[in-house]
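# Topology and contacts: notes
Here is what each chain is made of, one letter per residue.
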Amino acid sequence: MKSVKRATRRAVVAGAAAAVFTGVAAVPAGAAEGGVAFSRVTVNGGKPIVIGVKKEVELYVTFRMTTKLKHKSHPTVFPYRGKLGSSETLWNSILVNDCVVVSKAKGICDFEEWLTIDPRHYDFGNEDAGTWKTAAQLYLPKGAEDIDDEKLPLQVKRATRVTVNASPEPVVKGKTLTVTGKVSRANWDTHTYQGYGGRSVSLQFKAAGSSSYKTVKKATSSKTGALKTTVKATGAGTWRWTYYGNTTSGASSSSGDRVALR
């Protein structure tokens, strides 16, 4: 467990002395449900959560809570999977701002939250890629709590990287240009990027003077993630590879390799 660090401009989650990460968090015996409603929940702007091998990822979360029940803790929203209330949770620390009052009479508040996931945590691994669900929770007095499934699926994906090299440079117009590269994927168990084989990757070209890439052809990566294909050089411009990702792997494009004619 990693301690939650306090911050002056954001309120630290009350009711949690340490961060929870892919651990079992059961509802206390006799805990009360009901009396709290969550709505307008957004996590990471609705985009997949793509995580590399070293850098901690911070997710921006917004939600609304309606309750007239007394409480001293801040509400939280977080990814989970398994049975609600006794499940795996996916976060290292959560910071939540104070209530932005929408209606004091009705007990309506809006919240902003910053949730972090650290791929270097010992309990984080490749098995964590895939679909997670979203829970909203508020701790109440005397050990009670309200926890709800927000029916919001979250896609957690392993980051990918793609490289490119086009040769010869420069090339004679009409001659063959060989484009190579490699697609690799984050391995959360070893904290390294490894070749990602059997992937369909698009070769794209941006003509000199153009502002956009167009797909020219596709190639499949080898067992080691290597990419190689040939095209006819019809004009000067920039070449790149683009991988569009899948349910457990993020999308990525290589940098562009500019090739001139001679």
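It should be noted that the structure appears before, not after, this text.
Bear in mind the structure is a predicted one, so any value in this text is a computation, not a measurement.

Our focus in this paragraph is the overall build of the chain. In terms of helices and strands, the chain carries zero helices and 22 strands. Counting across all 262 residues of the chain, residues that qualify as buried make up 46%. Sequence-distant contacts, at least 24 apart, represent 67% of the contacts inside the chain between residues at least 6 apart. Total accessible area on the chain stands at roughly 13500 Å², and carbon and sulfur atoms take up 52% of it.

Here the focus is the state of the cysteines. Summed over the entire model, instances satisfying the criterion amount to one disulfide. Paired by a disulfide, cysteine 99 and cysteine 109 hold their sulfur atoms 2.0 Å apart. Around the S-S axis, the bridge from cysteine 99 to cysteine 109 shows a dihedral of about -75 degrees and counts as left-handed. Taken together, the positions of cysteine 99 in the loop between β8 (93-96) and β9 (100-103) and cysteine 109 in strand β10 (residues 108-117) put the pair 10 residues apart, joining distant regions of the chain. Under the relative-accessibility criterion, cysteine 99 is labelled partly exposed at 32%. For cysteine 109, a relative accessible area of 13% corresponds to the buried category.

A few words on the side chain of glutamate 145. Following the sequence through the fold, glutamate 145 ends up in strand β12 (residues 145-149). Buried charge glutamate 145 goes without a salt bridge, the closest partner of opposite sign being lysine 83 at 13 Å. At 2.4 Å, the side chain of glutamate 145 and the side chain of glutamine 137 are in polar contact.

Considering all chains together, one arrives at six aromatic pairs under this definition. Ring geometry for tyrosine 196 and tyrosine 243: centres 6.0 Å apart, planes at 85 degrees, overall edge-to-face. Residue tyrosine 196 is located in the loop between β16 (192-195) and β17 (200-207), and its partner tyrosine 243 is located in strand β20 (residues 237-243); the two are separated by 47 residues in the primary sequence. Residue classification places tyrosine 196 among the buried residues on the basis of a relative accessible area of 9%. The side chain of arginine 199 reaches across the aromatic face of tyrosine 196, ending 4.4 Å from its centre. Here the guanidinium or amino end of arginine 240 rests over the ring plane of tyrosine 213, the centre of that ring lying 3.9 Å away.

Time to look at the pairing of strand β18 (residues 214-220). Look at any regular strand and the pattern is simple: side chains alternate between the two faces of the sheet. Pairing geometry for β17 and β18, over six bridges, is antiparallel. In the strand pairing of β18, serine 200 is matched with threonine 220. Once β17 ends, the chain turns through six residues before running back antiparallel as β18, passing glycine 209 with a positive phi of about 90 degrees.

What follows deals with the side chain of glutamate 150. Inspection of the secondary structure assignment puts glutamate 150 in the loop between β12 and β13 (154-158). Despite its burial, glutamate 150 pairs with no opposite charge, the nearest such side chain being lysine 151 at 9.2 Å. Residues contacting glutamate 150, with those up to four places away along its chain left out, are Phe38, Val41, Thr134, Ala135 and Ala136.

Going through the model one piece at a time under the given rule, you end up with five salt bridges. Put simply, arginine 64 and aspartate 110 hold a salt bridge, and the shortest N to O gap is 2.7 Å. Placement of the pair is arginine 64 in strand β5 (residues 57-67) and aspartate 110 in strand β10, with a sequence separation of 46 residues. Accessibility expressed as a relative area gives 14% for arginine 64, which makes it buried. Arginine 81 is paired through a salt bridge with glutamate 88; the nearest N and O atoms lie 3.0 Å apart.

On to the environment of threonine 180, then. Here threonine 180 is to be found in strand β15 (residues 176-187). Classification of threonine 180 as partly exposed rests on a relative accessible area of 25%. Separated by 16 residues in the primary sequence, threonine 180 and valine 164 place their C-alpha atoms 5.7 Å from one another.

Conventions used here
Residues numbered from 1 in each chain as written. Predicted model: local features only at pLDDT ≥ 70, side-chain atom pairs only at ≥ 80, totals over all residues. Heavy atoms only, no water. Helix = DSSP H or I, 4+ residues; strand = E, 2+ residues; numbered from the N terminus. Buried < 20%, exposed > 50% of the residue type's maximum accessible area, 1.4 Å probe, protein only. Contact = heavy atoms within 4.5 Å. Areas by Shrake-Rupley, 256 points an atom, 1.4 Å probe, with all protein chains shown as cover. Disulfide = S-S within 2.5 Å. Lys, Arg positive; Asp, Glu negative; His and termini not counted. Salt bridge = Lys/Arg side-chain N within 4 Å of Asp/Glu carboxyl O. Polar contact = N/O pair within 3.5 Å; in protein donor to acceptor, adjacent residues only side chain to side chain. Phe/Tyr/Trp six-rings, centres within 6.5 Å; stacked < 30°, edge-to-face > 60°. Lys NZ or Arg CZ within 6 Å of the ring centre and 35° of its normal. Pairing = 2+ DSSP bridges.

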